[in-house]
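Structure at a glance
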Amino acid sequence: MSTLSQKIDFAVIIRVKNANPNGDPLNGNRPRTDLEGHGEMTDVCLKRKIRNRIMELKDKKENYLYEIFVQSDDNKRDDYTSLKARFEGVIGKKVKGATDVINKACEKWFDVRAFGQLFAFDSDESSGVSIPVRGPVSIQSAFSIMPVNVSSTQITKSVSGNEGKNGKRSSDTMGMKHRVDYGIYVSYGSMNSQLAERTGFSDEDAEVIKSVLLKLFENDASSARPDGSMEVIARIWWPHGCKSGKYSSAKVHRTLHVNDDGTYWLDNLDGLNPEVTSGF
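Reading the values: rules and limits
- Residues numbered from 1 in each chain as written.
- Predicted model: local features only at pLDDT ≥ 70, side-chain atom pairs only at ≥ 80, totals over all residues.
- Heavy atoms only, no water.
- 1 Å grid on protein atoms, 1.4 Å probe; cavity = no way out; pocket = protein on both sides within 12 Å on 5 of 7 lines; lining within 4 Å.
- Points joined across faces, edges and corners; volume = space filled by probe spheres on them.
- Nonpolar A, V, L, I, M, F, W, Y, C, P; charged D, E, K, R; others polar.
- Helix = DSSP H or I, 4+ residues; strand = E, 2+ residues; numbered from the N terminus.
- Buried < 20%, exposed > 50% of the residue type's maximum accessible area, 1.4 Å probe, protein only.
- Contact = heavy atoms within 4.5 Å.
- Salt bridge = Lys/Arg side-chain N within 4 Å of Asp/Glu carboxyl O.
- Axes fitted to C-alpha atoms, helices over the stretch in contact; angles between N-to-C directions.
- Parallel < 35°, antiparallel > 145°, perpendicular 65-115°, else oblique.
- Pairing = 2+ DSSP bridges.

1. Some points on the layout of surface pockets
- What the largest pocket holds in volume is close to 320 Å³.
- In terms of lining residues, the largest pocket is bounded by 18 residues, among which Arg48, Asn52, Asp74, Asp220 and Arg225 are the most central.
- Here the lining of the largest pocket is built from residues that sort into three nonpolar, seven polar and eight charged.
- Size it by volume and the second largest pocket reaches roughly 180 Å³.
- As for the second largest pocket, its lining consists of 10 residues, and the residues nearest its centre are Asn29, Ile155, Met176, Lys177 and His178.
- Going through the elements one at a time, strand 9 (150-158) and strand 10 (173-191) are the ones with two or more residues in the lining of the second largest pocket.
- Take the lining of the second largest pocket: its biggest share by element is three residues, from strand 10.
- Its residues placed into classes, the lining of the second largest pocket shows three nonpolar, five polar and two charged.

Written out as structure tokens, the structure is:
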């Protein structure tokens with residue numbers, strides 16, 4: 001299979017309404033914001049959702065199409081308890097060389113050949129061995145167009161089933177629940193054809209990511225993100241038609257203008273024909 005034949009830039013516009021798009025565990029799980037109050041969804045959060053959607057893809061015989069290396073604990077398809085165990089169970093414990101590791105890992109796992117990965121191994125030497133894989137797909141954190149308002153509500157997090165003193169029920173555990181009332185977020189990304197040659201990332205792989213970007217929040221509901229509270233408004237896809245790219249990614253991304261009501265428009269760049277697709 002040939003590798004990615006052209007540079008690709010892309011963007012997704014996301015609407016958030018009464019949801020916590022990406023909580024910060026170091027700040028009481030409040031929605032992430034920058035110093036100016038703009039909401040943020042980290043690139044790690046977005047990649048997690050892309051991985052989850054790709055893991056769900058099946059063929060006509062209901063067989064899963066792609067393997068994912070970085071799986072979450074609540075969405076696993078194997079019995080491995082760590083990334084190290086998964087690697088050793090599939091690739092083996094003996095490392096023959098960096099090239100061999102990279103080739104096998106990229107062939108096996110979609111997310112490794114797309115996003116890259118750092119593989120760390122124990123060694124006879126105290127320093128150990130680390131093998132980095134640079135992936136061709138880069139994704140920026142999504143930031144809201146305007147500062148967001150975060151609402152907080154006190155809730156009962158859990159109910160104790162144990163009896164307290166004198167036969168009375170033990171106290172419930174109280175906590176806080178936070179949400180973004182409303183926000184329009186935008187994330188940008190790019191696909192590099194030179195790096196794709198090293199990992200084997202193909203045009204077919206690019207189409208897979210293209211398709212799941214529209215469904216980032218399907219099968220992703222939780223108490224913090226109820227169904228319908230998160231949606232992709234649009235996906236913008238800029239194929240360059242050549243490996244080196246006709247323009248820098250920064251210049252391409254600046255052609256997208258988004259309003260806080262979710263409307264948007266694009267500036268024209270000669271020779272570049274963006275594909276604009278409404279959300280799922």
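2. Description of the environment of glycine 39
- One can find glycine 39 in strand 4 (residues 38-41).
- Overall, glycine 39 belongs to the buried group, its relative accessible area being 0%.
- Through-space distance from the C-alpha of glycine 39 to that of glycine 183 is 7.5 Å; in sequence the pair is 144 residues apart.
- Leave out the neighbours within four places in its chain, and glycine 39 touches Arg32, Thr33, Ala142, Phe143, Ser144, Val148 and Tyr185.

3. Re the pattern of salt bridges
- Under the definition given, this model contains 15 salt bridges.
- Across the pair aspartate 24 and arginine 32 runs a salt bridge whose closest N-O atoms are separated by 3.9 Å.
- Under the relative-accessibility criterion, arginine 32 is labelled partly exposed at 23%.
- As a salt-bridge pair, lysine 243 and glutamate 197 come within 3.0 Å of each other at their nearest N and O atoms. Residue lysine 243 is located in the loop between strand 11 (230-239) and helix 7 (249-253), and its partner glutamate 197 is located in helix 5 (residues 193-199); the two are separated by 46 residues in the primary sequence.
- Salt bridges sharing partners connect three or more residues here, namely Lys49, Asp220 and Arg225.

4. Quick notes on the side chain of arginine 113
- Within the secondary structure, arginine 113 is located in helix 4 (residues 110-115).
- Residues within four places of arginine 113 in sequence aside, it is in contact with Tyr66, Cys106, Glu107, Pro136, Thr199, Gly200, Phe201 and Asp205.

5. Some thoughts on the packing of helix 1 (residues 43-55) against helix 6 (residues 203-212)
- Interhelical geometry of helix 1 versus helix 6 gives an angle of 105° and a closest axis separation of 10 Å. The orientation of helix 1 with respect to helix 6, classified from their angle, is roughly perpendicular. On the side of helix 1, the interface is formed by Ile50, Arg53 and Ile54, while helix 6 contributes Val208, Ile209 and Val212.
- In terms of residue class, the contact of helix 1 with helix 6 is made up of five nonpolar, no polar and one charged.

6. Section: empty space enclosed by the protein
- According to the stated counting rule, one finds two cavities of 30 Å³ or more in the structure shown.
- Every residue along the wall of the largest cavity is listed here: Phe10, Val12, Leu46, Ile50, Ile139, Ser187, Tyr188, Leu213 and Leu216.
- Among the residues making up the lining of the largest cavity, the classes are represented as eight nonpolar, one polar and no charged.
- The computed volume of the second largest cavity comes to approximately 40 Å³.

7. Regarding the pairing of strand 10
- Where strand 1 (residues 8-19) and strand 10 come together, 11 bridges link them in antiparallel fashion. Bridge pairing in strand 10 places phenylalanine 10 opposite glycine 189.
- Pairing geometry for strand 7 (residues 137-139) and strand 10, over three bridges, is antiparallel. Note on strand 10: the bridge partner recorded for isoleucine 139 is glycine 189.
- Here two bridges tie strand 8 (residues 142-147) to strand 10, and the two strands are oriented antiparallel to one another. Residue pairing for strand 10: serine 144 is matched across the bridge by tyrosine 185.

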